[in-house]
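Observations on the three-dimensional arrangement
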Amino acid sequence: MNYSPESVQRLLDSDDYGDRLSGVNQLRYLAPEIAFEMLQPVINDSNARVRYSAVSQLDILGRQNPDLALTILRDRLLHDPEADVKAAAADAIGGLKLTAAYDDLVAVYQQSCDWLIQFSIVAALGELGEPRGFELLEIALNSDNELVKTAAVSAFGELGDPRAVSLLVPLANDDDWQLRYRLAQALGRLGGQDAIAVLTQLTGDKSAQVAQEARNNLVQG
């Protein structure tokens, strides 16, 4: 099937949200510089599913103009009424490594009780590599939500601050095998004698996946 700016624009201009959603998805087949221009008006679409799809594409298309992408994503992160759109904005901020949005990410995390938003912000902090993220990740590590907690473990590994090792060590006995799996990956990245000791312990984990990942990270270390 052939996709042209004209055919995609007709879909984006449709009164039917299904057509607009299709139009947003078809932007992937156009040149990035064209797609980025066409995407911008759809960011404020009246339908949340269309906005979500549009914001999600900024992870790639935002590279055309990072400054403008930052403005758009901060607006959606702070003002969109839908949690999944806010989460998508956080994801894209992380993917584009827009460190200028750090303070906004922290503010939204602190104001929100929605696990999806918090999860996406924590994951974004890992991608950003912003050293100031350490304190918020420490808070997230004590979250009641296992997914947010697991995301914090991974983000600590990406951040690379060796101070995280002492915070992560107690999680070697966590009940969630997926968290222990991420713990093995994070400790492999962070390194140090304490990390090696826990990785050695995890090679005997009751979960085969965790044990293998611990062995892999010991070898890589």
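Right above here is the structure, for reference.
Here the structure is a predicted model, which is why all the values come from computation and not from measurement.

1. Observations regarding the overall build of the chain
Scanning the chain from terminus to terminus reveals 14 helices and zero strands. Dimensions of the chain along its principal axes, counting C-alpha atoms only, are 60 × 40 × 25 Å. Across the 221 residues that make up the chain, the buried fraction comes to 48%. In the chain, once contacts between residues fewer than 6 apart in sequence are set aside, the share between residues at least 24 apart is 60%. Accessible surface computed for the chain: about 10900 Å², of which carbon and sulfur atoms make up 47%.

2. Some points on helix α4 (residues 48-61)
Spanning 14 residues, α4 covers 19 Å between terminal C-alpha atoms, matching the ideal 20 Å at 1.5 Å per step. Of all the positions in α4, only Val 50, Arg 51, Ser 53, Ala 54, Val 55, Gln 57, Leu 58 and Leu 61 are classed as buried. Looking at the packing, one finds that the buried side of α4 touches α2 (17-26), α3 (32-39), α5 (66-79) and α6 (83-96). Between the side-chain oxygen of the N-cap and the backbone nitrogen of Arg 49 there are 2.9 Å, and the N-cap of α4 in question is Asn 47.

3. Section: the packing of aromatic side chains
This model, assessed by the stated rule, comprises four aromatic pairs. Summarising the aromatic geometry, the rings of Phe 134 and Phe 156 are spaced 5.1 Å apart at their centres and angled 65° between planes, so their arrangement reads as edge-to-face. Placement of the pair is Phe 134 in helix α9 (residues 133-140) and Phe 156 in helix α10 (residues 146-159), with a sequence separation of 22 residues. Classification of Phe 134 by relative accessible area gives buried; the value is 6%. Given a relative accessible area of 0%, Phe 156 falls into the buried group. The ring of Phe 134 carries Arg 163 above its face, with NZ or CZ at 3.9 Å from the centroid.

4. Quick look at the environment of Leu 136
Along the chain, Leu 136 falls in helix α9. Residue class for Leu 136 comes out buried when judged on its relative accessible area of 4%. Separated by 31 residues in the primary sequence, Leu 136 and Leu 105 place their C-alpha atoms 9.9 Å from one another. In contact with Leu 136, other than residues within four places in its own chain, are Val 106, Tyr 109, Ile 121 and Leu 125.

Quick notes on the rules
- Residues numbered from 1 in each chain as written.
- Predicted model: local features only at pLDDT ≥ 70, side-chain atom pairs only at ≥ 80, totals over all residues.
- Heavy atoms only, no water.
- Helix = DSSP H or I, 4+ residues; strand = E, 2+ residues; numbered from the N terminus.
- Buried < 20%, exposed > 50% of the residue type's maximum accessible area, 1.4 Å probe, protein only.
- Contact = heavy atoms within 4.5 Å.
- Areas by Shrake-Rupley, 256 points an atom, 1.4 Å probe, with all protein chains shown as cover.
- Expected span 1.5 Å × (residues − 1).
- Polar contact = N/O pair within 3.5 Å; in protein donor to acceptor, adjacent residues only side chain to side chain.
- Phe/Tyr/Trp six-rings, centres within 6.5 Å; stacked < 30°, edge-to-face > 60°.
- Lys NZ or Arg CZ within 6 Å of the ring centre and 35° of its normal.

Purely geometric numbers; function is a separate question.
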